Amino acid sequence: MTELKGLRDDVYRRPLATALERLGVGPGWRCVDVGAGGGDVSVALAEIVGHTGRVYAVDSDPRARDEVARAAAAHSQVLAITQAGEDLTLPEPVDLAFCRFLLLHVLDPAVVLRKMADAVKPGRWVVAQEPVTSAGRIGGQPLSMPDVRHPDVGAVLPALVRDAGLELVDAWAEAPAGAGPGPVASYLEELTGVDPGDDPIVLPPLVTVVGRRPEGGR
């Protein structure tokens, strides 16, 4: 499986690694990480594509640009861009457009996915990873995230990718689980600000969808 060194402590890293491995992401690829945040995934992609590749780290928050610059200091192939996903415009077409935990926050997930589809070369790839937050459990009780716009966007993600004009290549869901102290409990506390103690936890399933832009256009 693809080694994502920068995401070693990320409890959701396995589905991303699975998708990148399946697509054969490697040296020379052009990628865009939409909603890059602090740049962890952008750096992980940079390590895979190498100095002959390029990674555009796109985020609407201007503060993210500085965070990405610090995280990617050793990777000149990472270029940080302050831009909303709805306005995604890149200097060149890319081989992979990626987002994770982005569409649950935006005004219109369908618009962002269409922009991502337009950003990739014909025959190349869009990978989106979004949660079904209401399916998470803490001590057997449903997890709630009422402050996000689309808390269960993962449940309709395959249809959104298809409706963006992409071929639906694969889709699956994974949910990290645990009980007591450990990475899953720490992630939940960071996410919600609540220490779950020894309660059993099932984090929200993360739906991964792999879409391909048709060769002959859309």
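Located above this text is the structure these notes cover.
Residues numbered from 1 in each chain as written. Predicted model: local features only at pLDDT ≥ 70, side-chain atom pairs only at ≥ 80, totals over all residues. Heavy atoms only, no water.

What about the sheet that holds strand β10 (residues 200-202)?
Part 1 of the argument: Spatially, β7-β6-β10-β9 is the arrangement adopted by the 4 strands of the open sheet, whose pairing is antiparallel. The outermost strands of the open sheet, each flanked by one partner alone, are β7 (141-142) and β9 (177-179).
Part 2 of the argument: The sheet contact formed by β9 and β10 spans 3 bridges and is antiparallel. Of the residues in β10, the one forming a bridge with G178 is I201. (Pairing = 2+ DSSP bridges. Helix = DSSP H or I, 4+ residues; strand = E, 2+ residues; numbered from the N terminus.)

Overview of the packing of aromatic side chains
Part 1 of the argument: Per the stated rule, a full pass over the model turns up 2 aromatic pairs.
Part 2 of the argument: Residues Y12 and F101 carry aromatic rings whose centres are separated by 5.3 Å and whose planes lie at 65 degrees to one another, so their mutual orientation is edge-to-face. Within this pair, whereas Y12 is found in the segment before α1 (13-23), its partner F101 is found in the loop between β4 (94-100) and α4 (109-119), the two being separated by 89 residues in sequence.
Part 3 of the argument: Under the relative-accessibility criterion, F101 is labelled partly exposed at 25%. (Phe/Tyr/Trp six-rings, centres within 6.5 Å; stacked < 30°, edge-to-face > 60°. Buried < 20%, exposed > 50% of the residue type's maximum accessible area, 1.4 Å probe, protein only.)

Re the pairing of strand β1 (residues 30-34)
Part 1 of the argument: Counted residue by residue, β1 has 4 buried out of 5 residues, so it is predominantly covered.
Part 2 of the argument: Relative to strand β2 (residues 54-59), β1 runs parallel, the two being bridged by 5 bridges. By the bridge assignment, D33 is partnered in β2 with A57.
Part 3 of the argument: Regarding the hand of the β-α-β motif, the stretch spanning β1, helix α2 (residues 40-49) and β2 is right-handed.
Part 4 of the argument: Two elements, β1 and β4, share 4 bridges in a ladder whose sense is parallel. The residue of β4 that forms the bridge with D33 is F98. (Right-handed = clockwise from strand over helix to strand, strands pointing away.)

Let's talk about the nonpolar core
A general trend in soluble globular proteins is that nonpolar side chains are found buried together.
Part 1 of the argument: Counting residues in hydrophobic clusters, the biggest one holds 33 residues, and the most contacted among them are V32, L88, L90, L103, L113, M116 and L157.
Part 2 of the argument: Mapped onto this core, the elements with two or more residues apiece are β1, β2, β4, α4, β5 (120-131), α5 (157-163) and β11 (206-212).
Part 3 of the argument: It is α4 that contributes the most residues to this core, 6 residues altogether.
Part 4 of the argument: By size, the runner-up hydrophobic cluster in this structure holds 25 residues, among which are W29, A46, V78 and V127. (Core = buried A, V, L, I, M, F, W, Y, C linked by side-chain atoms within 4.5 Å.)

Section: the sheet that holds strand β3 (residues 78-82)
The strands that make up a sheet pair up through hydrogen bonds in the backbone, lying either parallel or antiparallel.
Part 1 of the argument: In spatial order, the strands read β3-β2-β1-β4-β5-β11-β8; together these 7 strands make up an open sheet with mixed pairing. Two strands lie at the open edges of the sheet, namely β3 and β8 (167-174), each paired on one side alone. Neighbour to neighbour, the strand axes of the sheet diverge by 15 degrees on average, direction disregarded.
Part 2 of the argument: In terms of strand pairing, β5 meets β11 through 7 bridges, oriented antiparallel. The residue bridging V126 from the neighbouring strand is G211, located in β11.
Part 3 of the argument: On the sheet, α2 packs against β1, β2, β3 and β4 and is oriented at approximately 170 degrees with respect to β2.
Part 4 of the argument: Strands β1, β4 and β5 of the sheet are contacted by α4, whose axis makes an angle of about 150 degrees with β5. (Axes fitted to C-alpha atoms, helices over the stretch in contact; angles between N-to-C directions. Contact = heavy atoms within 4.5 Å.)

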